[in-house]
Amino acid sequence: MLAVHLLSYYFSKLQEDPTKKVDRFLYSMRLHDDQLRDISARFLGEMKKGLSVESNAAATLKMLPTHVRSTPDGSEKGEFLALDLGGSRFKVLQVKVREEAGRRRRGVEMEEQTYPVPKELLIGRGAELFDHVSECLKDFLHQKNISLEEKHPLGFTFSFPCQQTALDQGLLVNWSKNYRARGLQGKDVVQALRQAINRTGGMDVEVLALVNDTVGTMMTCGFDDQRCEVGLIIGTGTNACYMEELRHIDLVEGDEGRMCVNTEWGAFGDDGALNDYITEFDKEIDAASTNPGKQLFEKLVSGLYLGELVRLVVLKMAKLGLLFDGNVSDALRTKGKINTAHVAAMEQYKDGLRNTRDILLDLDLTPSPDDCIAVQHVCTVVSFRSSNLVAAGLAAILSRIRQNRKLKTLRITVGVDGTVYRTHPQYAKRLHKVVRRLVPDCHVRFVLSESGSSKGAAMVTAVAQRLASQRRQVDETFLSFRLSQEQLRLVKARMRAGLEAGLKSNGPSPIKMLPSYVYRTPDGTEHGKYLALDLGGTNFRVLLVKIRSGLSRSVRLYNKIYTIPLEIMQGTGEELFDHIVQCISDFLDYMGMKNARLPLGFTFSFPCKQAAIDTGTLVSWTKGFKATNCEGNDVVDMLRDAIKRRNEFDLDIVAVVNDTVGTMMSCAYEDPQCEIGLIAGTGSNVCYMEELSNIEKVEMKEGGMCINTEWGGLGEDGCLDDIITRYDTEVDRESLNHGKQRFEKLTSGLYLGEVVRQVLLDLTRRGLLFRGHVTEALKTPGIFHTKYLSHIESDRLALLQVRSILQQLGLDSTCDDSIVVKEVCGAVSHRAAQLCGAGMAAVVDKIRENRGLDHLNITVGVDGTLYKLHPHFSRVLQETVRSLAPQCHVTFVLSEEGSGKGAALITAVARQEQEEM
């Protein structure tokens, strides 16, 4: 009895303030920000589960891949058909997309027709439903005088959960919205539509894309705002989609780029994750639904349920005597008598209370003014909870996008559709406000979809058509870089012919085959202190090398690196060698050895004709050097003259060495089978131990000698013209040595970045990259360094970082642009590695045949940044050698100390030979 009195007293106090009464009664529906952040965190966890192949089956958010990989970029154009099926009516549309031209802005023209879906088809056979859709499509074509002979691309908006395996394939997961058509669940709805179109006949329609209405909304808004990467539906149903990084979507192969994911967020909470936020009214709604325990989030927020929630709350309050003096009408007891349109009308700013009174009177109730205020506030609490929950889910999606892209702040647009969002007077404002409060590091713009999701289906189709066209054109570009096995065998044969021709005394050959006068590799008895110089690029090294022999044999190096300024590289020969001697002087001071007359080996990484090991006549400069009065002169004499001019110290110049030979000797000290040297860096070259009997240019005929091939000259006679692309031709035309070093320009680090730039420039001019915007940076020769190829092709480097590299070059790229740039880099570097492999196959097979062997085991000493730093170059090179020279087992060993150590070892070997003589 006491409890009854207390309850009566409690209710009488509540009568004093109608809104306070409702707030206390619906306390569990009023969510504060900490609760919303908690819900958002749970939502994020479910997103991760849904994206993972291991946990997807148990996830409430199915995170369905849509195979929509790009939003509109503004270059789409053409005429498209669209179907929009998802309710008691469906639409057929023709969408014309025009490009921007002159002063005319790009735009969309649409014609549409709405057709009913008879109730018997909703629960009949699936084939009959799609036959009806197909017949209406044909009727639309007739009515709009659209040609039946021409092929029409079509996008299909299908607003039901589908498991998509491709953009034009989708297995129906389950029906919703009163659809129960038999024989389609688990089947491909695109195939069902195609079969219906064939049965109808008389139409040439190509179904290119299947689109969820949420995706369609995102794509519709994305046409006008390229930042739109989220789609949101808040209407009869509710859902969201967004552009996810492909590397996180386990259900789809590939890790490059993005793909739109349909979250199907209506099922959030089906596993109990929202149990602590679900009220008795939500439980009653769920129990009375056609799918108890399913789509719980949707039942909390969507227009299909908001009116019924309000009815249940008002009914309960009336039964408790909190409204209408405890009077309850039959109409109020009847399910569906309050709908979401009523809720929106009751919440209107000016007429809301009058609307509330009218609605309650229609329910055979006699409301007081306080009753009207209270019922209006019930509507506010219910719809506010809906917008709060939508905000929490959306905040999770926006946070994930920002974290994926490693951004401090995210600027993004959300495309929105749905009757609740469109018609409810306060819903949108509340949603926007709460989202911005929950994710202050995301600058969010909300755009209402003016044309619905149907336009979006056409946009998806237009984008798919654009991407397919661009893909074909990009692939055609790559074809010129792809070398078949037959082409590689031809390159090997041409390299072999060039090697043979270069060994002859007077045979014309672009491959110079320069004798090095290095007759043997180290045997471990070398010892002493040696000075070494290493000149081959913008960096110049001076080294002191201490060699110990015997059981404790070792090589210790001390070195300093000096730069060669551009004005010295391209000044006079005298200035260049004076600069070299100045660096030597500084090093000797640094080491305290100014008075020691040390034997010196000079690594000089440019083509030289040698008549002896201590002479070298420069044939031609490469690698950007153009110092005058050097070509045709002995570089050893030029160095000696510069030492005399300085008159501070004296050196015993024992050997002049090519860097390739130095690399071979450096590695041969550790591995006696090393008889080949390879440089794959700024330049490209090979040396190897040749039989003296094959070298017509030298008098000795017994034993062997290392030959510096200078293989970079292959192709100067036109023998590579069939594989040289127009991009290579442009690089050659702009180079300092036009027509020379053609093989090197295909394979070396000095040129690969420039080849890539030429390809990117061409693709951009053709509108296939960077939205056709050619920047000054892209037009600047040399700006795309070869190191960018190594960075961009790194398997660990996400596309976000690729975009960052491109931005440093002034190139504002989309995700799709970054994928293409990565592919361009891959095509150019892969070809370079294959060509080096074909050349190496020619060398090792020649050595094998020289020695009359069925099988050859040999080691190649390698140096160069391209080989060392590029993530795939070495692997592709080695695979090519194995393929083209199957009778040779070739081991590649990196030169750890470079060619400077090799120069010292050559000097030591030469000294020993002089002493033995």
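Remember, it's a predicted structure, so these values are computed and weren't measured experimentally.

**What to know about the overall build of the chain**
Here comes step 1: A tally of helices and strands in the chain yields 31 helices and 26 strands.
Here comes step 2: Compactness check: the chain gives a C-alpha radius of gyration of 39 Å against a globular reference of 29 Å for 917 residues, more than 25% above the reference.
Here comes step 3: For the chain, the spread of C-alpha atoms along the principal axes amounts to about 125 × 70 × 55 Å.
Here comes step 4: The burial tally for the chain puts 59% of its 917 residues in the buried class.
Here comes step 5: Counting only contacts in the chain whose residues sit at least 6 apart along the sequence, the fraction spanning at least 24 positions is 70%.
Here comes step 6: Of the roughly 38,000 Å² of accessible surface on the chain, 48% is carried by carbon and sulfur atoms.
Here comes step 7: Once the 113 positive and 119 negative side-chain charges of the chain are each reduced to a mean point, those two points are 5 Å apart.

**Digging into the confidence of the model for the chain**
Here comes step 1: Averaged over every residue, the pLDDT of the chain is 89; the share at 70 or more is 96%.
Here comes step 2: Here helix α1 (residues 2-14) is the element of the chain with the lowest mean pLDDT, 44, and helix α30 (residues 873-884) is the one with the highest, 97.
Here comes step 3: pLDDT under 50 marks residues 1-11. Its contacts with residues more than four places away, or in other chains, come to three contacts.

**Here we look at unusual backbone geometry**
Here comes step 1: Its identity as a non-glycine residue notwithstanding, aspartate 364 has a phi of 65 degrees, on the positive side.
Here comes step 2: The topology assignment puts aspartate 364 in the loop between α13 (352-362) and α14 (369-404).
Here comes step 3: Residue glutamate 710 is not a glycine yet carries a positive backbone phi of 50 degrees.

**Some thoughts on the packing of helix α23 (residues 726-734) against helix α25 (residues 749-765)**
Here comes step 1: Relative orientation of the contacting elements α23 and α25 amounts to 120 degrees, with a least axis distance of 9 Å. Relative to α25, the element α23 lies oblique. Classified by chirality, the crossing of α25 by α23 is right-handed. Across the interface between the two elements, Arg726, Tyr727, Asp728, Glu730, Val731 and Glu734 from α23 touch Tyr751, Glu754, Val755, Arg757, Gln758, Val759 and Asp762 from α25.
Here comes step 2: Each residue belonging to the contact of α23 with α25 can be placed in one class, and the counts come to five nonpolar, one polar and seven charged.

**Focus: the packing of aromatic side chains**
One pair of aromatic rings is described through two measures. These are the centre distance and the angle between the planes.
Here comes step 1: All chains considered together, the criterion is met by 26 aromatic pairs.
Here comes step 2: Relative to phenylalanine 297, the ring of tryptophan 265 has its centre 5.3 Å away and its plane inclined at 70 degrees; by these criteria the two rings are edge-to-face. Of the two residues, tryptophan 265 is situated in the loop between β11 (258-262) and α8 (280-287) and phenylalanine 297 in helix α9 (residues 296-301); the sequence distance between them amounts to 32 residues. The pair tryptophan 265 / phenylalanine 297 is uniform in exposure class, with both members buried.
Here comes step 3: Seen in terms of ring centroids, tryptophan 621 and phenylalanine 625 are 5.3 Å apart; in terms of plane orientation they differ by 25 degrees. Their pairing is stacked.
Here comes step 4: Residue classification places phenylalanine 625 among the buried positions, given a relative accessible area of 1%.
Here comes step 5: One aromatic cluster in this structure is built from Phe130, Phe156, Phe158, Phe160, Trp175 and Tyr179.
Here comes step 6: The ring of phenylalanine 384 carries arginine 430 above its face, with NZ or CZ at 5.1 Å from the centroid.
Here comes step 7: The ring of tyrosine 590 has lysine 560 sitting right over it, with the charged end atom 4.8 Å from the ring centre.

**Let's talk about the sheet that holds strand β16 (residues 539-548)**
Here comes step 1: On the basis of which strands lie adjacent, the open sheet formed by five strands has the order β17-β16-β15-β18-β21 and mixed pairing. Whereas interior strands pair on both sides, the edge strands pair on one side only; in this sheet they are β17 (554-563) and β21 (652-657). On average, each strand axis in the sheet is tilted by 20 degrees relative to the strand beside it, whichever way the strands run.
Here comes step 2: Pairing of strand β15 (residues 528-535) with strand β18 (residues 599-604), which is carried by five bridges, proceeds in the parallel orientation. The partner of leucine 535 across the bridge, within β18, is phenylalanine 604.
Here comes step 3: Against the sheet, helix α20 (residues 573-591) makes contact with β15, β16, β17 and β18, and its axis sits at roughly 130 degrees relative to β17, the strand it touches most.

**Section: helix α28 (residues 815-850)**
Here comes step 1: Here α28 spans 53 Å end to end across 36 residues, near enough to the 52 Å set by a 1.5 Å rise per residue.
Here comes step 2: With respect to burial, α28 is a largely interior element, 30 of its 36 residues being buried.
Here comes step 3: Of the residues flanking the end of α28, it is glycine 852, one or two places downstream, whose phi is positive at about 65 degrees.

**Describing the pattern of salt bridges**
Here comes step 1: One pass over the full model with this rule turns up 61 salt bridges.
Here comes step 2: Across the pair aspartate 578 and arginine 645 runs a salt bridge whose closest N-O atoms are separated by 2.8 Å. Placement of the pair is aspartate 578 in helix α20 and arginine 645 in helix α21 (residues 635-646), with a sequence separation of 67 residues.
Here comes step 3: Residue class for aspartate 578 comes out partly exposed when judged on its relative accessible area of 30%.
Here comes step 4: For arginine 645, a relative accessible area of 41% puts it in the partly exposed group.
Here comes step 5: Where arginine 831 meets aspartate 728, a salt bridge forms, and the shortest distance between an N and an O atom there is 2.7 Å. Taken together, the residues arginine 831 in helix α28 and aspartate 728 in helix α23 connect sequence positions 103 residues apart. For the pair shown, arginine 831 and aspartate 728 are each scored as buried.
Here comes step 6: One network of salt bridges, in which partners are shared, links Lys492, Arg496, Glu500, Glu690, Asp845, Lys846, Arg848 and Glu849.

**Comments concerning the nonpolar core**
Here comes step 1: In terms of nonpolar packing, the biggest core is built from 105 residues, with Ile676, Leu678, Leu720, Phe784, Met840, Phe873 and Phe892 touching the most fellow members.
Here comes step 2: Not counting residues within four places of it along the chain, the set of residues in contact with isoleucine 676 comprises Met664, Val686, Cys687, Tyr688, Met840, Val843, Val844, Ile847, Ile858, Thr859, Val860 and Gly861.
Here comes step 3: One finds Leu44, Ile285, Ala391 and Tyr427 within the second-largest nonpolar core, a separate group that totals 90 residues.

**Some details on the side chain of asparagine 239**
Here comes step 1: Within the element layout of this structure, asparagine 239 appears in strand β10 (residues 238-245).
Here comes step 2: A distance of 2.6 Å separates the side chain of asparagine 239 from the side chain of asparagine 262, its partner in a polar contact.
Here comes step 3: A polar atom in the side chain of asparagine 239 sits 3.1 Å from the backbone nitrogen of tryptophan 265.
Here comes step 4: Ignoring anything within four residues of it in the chain, the contact list for asparagine 239 reads Asn212, Thr214, Gly231, Leu232, Ile233, Asn262, Thr263, Glu264 and Trp265.

**Focus: the environment of valine 381**
Here comes step 1: Relative to the helices and strands, valine 381 is located in helix α14.
Here comes step 2: C-alpha separation for the pair valine 381 and arginine 199, spaced 182 residues apart in sequence, amounts to 52 Å.
Here comes step 3: The residues contacting valine 381, other than those within four sequence positions of it, are Val22, Asp23, Leu26, Met29 and Arg30.

**Section: the packing of helix α18 (residues 485-503) against α28**
Here comes step 1: Running from amino to carboxyl end, α18 crosses α28 at an angle of 55 degrees, the nearest separation of the two axes being 8 Å. Relative to α28, the element α18 lies oblique. Two packed elements cross with a definite hand, and for α18 against α28 that hand is right-handed. When α18 is examined against α28, the residues Leu488, Val491, Lys492, Met495, Arg496, Leu499, Glu500 and Leu503 are found in contact with a partner set consisting of Gln834, Leu835, Ala838, Gly839, Ala841, Ala842, Val843, Asp845, Lys846 and Glu849.

Cut-off values and rules
Residues numbered from 1 in each chain as written. Predicted model: local features only at pLDDT ≥ 70, side-chain atom pairs only at ≥ 80, totals over all residues. Heavy atoms only, no water. Helix = DSSP H or I, 4+ residues; strand = E, 2+ residues; numbered from the N terminus. Rg over C-alpha atoms; globule rule 2.2 N^0.38 Å. Buried < 20%, exposed > 50% of the residue type's maximum accessible area, 1.4 Å probe, protein only. Contact = heavy atoms within 4.5 Å. Areas by Shrake-Rupley, 256 points an atom, 1.4 Å probe, with all protein chains shown as cover. Lys, Arg positive; Asp, Glu negative; His and termini not counted. Charge placed at Lys NZ, Arg CZ, Asp CG, Glu CD. pLDDT = per-residue confidence, 0-100. Axes fitted to C-alpha atoms, helices over the stretch in contact; angles between N-to-C directions. Parallel < 35°, antiparallel > 145°, perpendicular 65-115°, else oblique. Left-handed = near helix turned anticlockwise from the far one by under 90°. Nonpolar A, V, L, I, M, F, W, Y, C, P; charged D, E, K, R; others polar. Phe/Tyr/Trp six-rings, centres within 6.5 Å; stacked < 30°, edge-to-face > 60°. Lys NZ or Arg CZ within 6 Å of the ring centre and 35° of its normal. Pairing = 2+ DSSP bridges. Expected span 1.5 Å × (residues − 1). Salt bridge = Lys/Arg side-chain N within 4 Å of Asp/Glu carboxyl O. Core = buried A, V, L, I, M, F, W, Y, C linked by side-chain atoms within 4.5 Å. Polar contact = N/O pair within 3.5 Å; in protein donor to acceptor, adjacent residues only side chain to side chain.

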